[in-house]
Amino acid sequence: MRIVMIGSGYVGLVSGACFADFGHDVICVDKDADKIAKLKAGGIPIYEPGLDDLVVRNAASGRLSFTTDLAGAVTQADVVFIGVGTPSRRGDGHADLSYVYGAAREIAAALQGFTVIVTKSTVPVGTGDEVERIIRETNPAAEFAVASNPEFLREGAAIEDFKHPDRIVIGIEDERARGPMEEVYRPLYLNKAPLLFTRRRTSELIKYAANAFLAMKITFINEIADLCEKVGADVQEVSRGIGLDNRIGAKFLHAGPGYGGSCFPKDTLALMKTAQDHDSPIRLIEATVAVNDQRKRAMARKVLTAVGGSVRGRTVAVLGLTFKPNTDDMRDAPSLSIIQALQDAGATIRAYDPEGMAAARPLLKDVHYADSAYDAAEGAHAAVIVTEWDAFRALDLPRLKTIMAQPVLVDLRNVYPPEKVEAEGFRYVSVGRPSDADLAGNVDASPRQAA
Ligand code: NAD
């Protein structure tokens with residue numbers, strides 16, 4: 001199959017490289033000339049484990065190439081994927097579809113022969129209908145079908161996810177799209193990955209419903225963690241206790257600083273808006289969005305409490321900036337709101353992240369970017385683990401204690417056992433796990449009775 005991928009970002013580049021690895025001929029297109037120049041020169045514009053090898057190998061084989069010339073690429077394609085960004089629209093939280101529709105217009109003008117156009121971007125229900133209308137209006141003679149094929153990969157494990165997906169969802173309205181889509185995914189189908197064909201609008205909604213559910217699950221355990229702190233229970237054991245129930249499942253039950261990243265914040269908001277527009281509000285998602293928004297500032301207050309009530313004139317070491325480990329993606333990372341709140345409260349910030357500092361620099365002002373976790377902790381009144389990079393999982397605690405102004409560790413990812421850190425002489429605060437000090441007197445030990 002001759003595949004064209006419009007948009008060569010986290011999704012487009014990974015999908016394009018994996019399709020090429022399956023044996024298809026793939027052209028990745030981007031309007032960002034710097035990105036394409038870097039890819040042509042053998043560089044990788046993002047950090048994603050394993051992606052450099054995959055791209056270099058498939059480019060060398062001649063199956064994967066890069067261009068800014070959308071029209072030239074589309075002319076020869078059997079299937080054109082749209083994998084451009086769909087960020088939140090400024091002001092109202094709806095998905096900004098201008099990149100998708102812009103790409104559709106450009107594709108339409110270049111179509112030759114029957115072509116399947118597929119939205120891989122996360123798009124609200126009805127977007128496929130509009131893409132179809134735009135293409136017909138721009139090029140009435142074009143022979144085409146529009147399909148929906150949302151992507152479920154996770155940054156940090158993107159190649160593994162793409163090659164071993166739980167399912168592949170494909171929404172079609174025109175039966176002519178079925179054969180080419182089966183052919184595109186045939187290598188995975190042979191691996192027994194379920195190929196779920198459905199209608200286009202259903203497929204579009206499946207993606208939002210999946211992300212909203214996961215965001216809700218995270219938010220649920222975060223609120224349970226808050227309650228654990230009040231009543232002297234341990235959220236990790238609660239997670240294990242409920243997650244072993246097959247109906248619930250163990251994943252996405254890790255309490256932390258609130259979800260962030262390039263998908264959950266914008267997708268929950270977009271689903272909430274779509275539902276409100278259709279007079280069918282999803283109150284669970286409205287609550288999820290509100291609870292998660294408040295949580296990041298609450299995490300900053302946790303730091304304030306840990307250092308004795310105020311960070312004014314004090315230094316806080318922030319360990320981890322990206323929204324999760326193994327990516328350089330800073331979009332909507334919890335660190336952004338937490339650092340802003342700490343700076344507002346008068347703290348000086350020293351930060352370190354193994355891969356995210358280049359992307360963080362334009363977003364976070366007045367931060368000292370350190371060379372390592374220890375460099376960040378130098379002279380700090382508290383060290384805060386915001387992202388659970390492996391580099392922070394086995395810190396040399398005695399060394400940390402000697403270089404910090406005071407031994408306070410706030411672990412927003414519950415990486416360490418409390419006893420271990422406290423035994424090293426630290427004041428240790430985590431999420432949903434009261435410390436021995438709390439249990440000795442501060443938690444509300446008596447069950448509340450209704451009056
Ligand atoms: P991204 O910002 O990393 O990449 C988008 C790319 O599209 C950019 O490089 C941009 O220059 C390019 N682009 C925009 N308009 C273009 C045009 N007309 N022609 C050519 N290139 C164009 O975005 P992303 O993270 O890859 O996300 C893409 C879509 O996939 C979004 O809808 C997102 O919600 C969805 N998605 C993302 C993830 C993820 O983990 N990042 C996972 C699943 C789904």
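### Observations regarding helix α8 (residues 178-190)
Okay, step 1: Where α8 bends most, the angle comes to about 55 degrees, and this point is V184, followed within four residues by the proline P187.
Okay, step 2: Of all the positions in α8, only P180, M181, V184, Y185 and L188 are classed as buried.
Okay, step 3: At the exit of α8 stands K192, carrying a positive phi of roughly 75 degrees.

### Points about the site of the ligand
Okay, step 1: By nearness alone, 25 residues border the ligand, and D30, K35, T86, E155 and K266 come closest of all.
Okay, step 2: Separating a nitrogen atom of the ligand from a side-chain N or O atom of E106 is a distance of 3.4 Å.
Okay, step 3: The side chain of S262 places a nitrogen or oxygen atom 3.3 Å from a nitrogen atom of the ligand.
Okay, step 4: Look at the ligand: alone it shows 830 Å² of surface, and the protein chains cover 90% of it.
Okay, step 5: When residues of the shell around the ligand are traced back to their parent elements, those giving at least two are α1 (10-21) and α5 (98-110).
Okay, step 6: Classifying every residue of the shell around the ligand gives seven nonpolar, eight polar and 10 charged.

### A short note on the domain arrangement of the protein
Okay, step 1: Looking at the protein, the domain boundaries give domain 1 (2-198) and domain 2 (210-442).
Okay, step 2: A C-alpha centroid distance of 33 Å is found between domain 1 and domain 2.
Okay, step 3: Listed per partner, the contact involves 20 residues of domain 1 and 19 residues of domain 2.
Okay, step 4: In total, about 1,400 Å² of surface goes out of reach between domain 1 and domain 2, with carbon and sulfur atoms giving 50% of it.
Okay, step 5: Looking only at domain 1, the three residues that lose the most surface to domain 2 are Y47, H94 and E155, adding up to 41% of its buried area.
Okay, step 6: A salt bridge links E155 to R331; the nearest nitrogen and oxygen atoms lie 3.8 Å apart.
Okay, step 7: On inspection of domain 1 and its partner domain 2, the count reaches eight residue pairs in polar contact (both at pLDDT 80 or more).
Okay, step 8: Of the residues contributing to the side of domain 1 that touches domain 2, the split by class is nine nonpolar, six polar and five charged.

### Regarding the packing of aromatic side chains
Okay, step 1: Applying the stated criterion across every chain yields a total of eight aromatic pairs.
Okay, step 2: Note on F19 and F22: the rings are 6.1 Å apart at their centroids and 75 degrees apart in plane angle, and the pair reads as edge-to-face.
Okay, step 3: An aromatic cluster is defined as three or more aromatic residues linked by ring pairs; in this entry it consists of F19, F22, F81, F162 and Y185.
Okay, step 4: Lying over the aromatic face of F197, R178 brings its terminal NZ or CZ to 4.6 Å of the ring centre.
Okay, step 5: Note that R399 overlies the ring of Y374, its terminal NZ or CZ placed 3.8 Å from the centroid.

### A short note on the packing of α1 against helix α3 (residues 51-60)
Okay, step 1: Relative to each other, α1 and α3 sit at 50 degrees, their axes nearing to 9 Å. Here α3 runs oblique to α1, going by the angle between their axes. Relative to α3, α1 is oriented so that their crossing is left-handed. Each of L13, V14, A17, C18, A20 and D21 in α1 lies in contact with α3, whose residues at this interface are L51, L54, V55, R57 and N58.
Okay, step 2: Per-class residue counts for the contact of α1 with α3 are eight nonpolar, one polar and two charged.

Conventions adopted
Residues numbered from 1 in each chain as written. Predicted model: local features only at pLDDT ≥ 70, side-chain atom pairs only at ≥ 80, totals over all residues. Heavy atoms only, no water. Bend = angle between axes of the 7 residues up to and from the residue. Helix = DSSP H or I, 4+ residues; strand = E, 2+ residues; numbered from the N terminus. Buried < 20%, exposed > 50% of the residue type's maximum accessible area, 1.4 Å probe, protein only. Near = heavy atom within 4 Å. Polar contact = N/O pair within 3.5 Å; in protein donor to acceptor, adjacent residues only side chain to side chain. Areas by Shrake-Rupley, 256 points an atom, 1.4 Å probe, with all protein chains shown as cover. Nonpolar A, V, L, I, M, F, W, Y, C, P; charged D, E, K, R; others polar. Domains from an automatic or database assignment. Contact = heavy atoms within 4.5 Å. Buried area = accessible area lost by both parts, 1.4 Å probe. Salt bridge = Lys/Arg side-chain N within 4 Å of Asp/Glu carboxyl O. Phe/Tyr/Trp six-rings, centres within 6.5 Å; stacked < 30°, edge-to-face > 60°. Lys NZ or Arg CZ within 6 Å of the ring centre and 35° of its normal. Axes fitted to C-alpha atoms, helices over the stretch in contact; angles between N-to-C directions. Parallel < 35°, antiparallel > 145°, perpendicular 65-115°, else oblique. Left-handed = near helix turned anticlockwise from the far one by under 90°.

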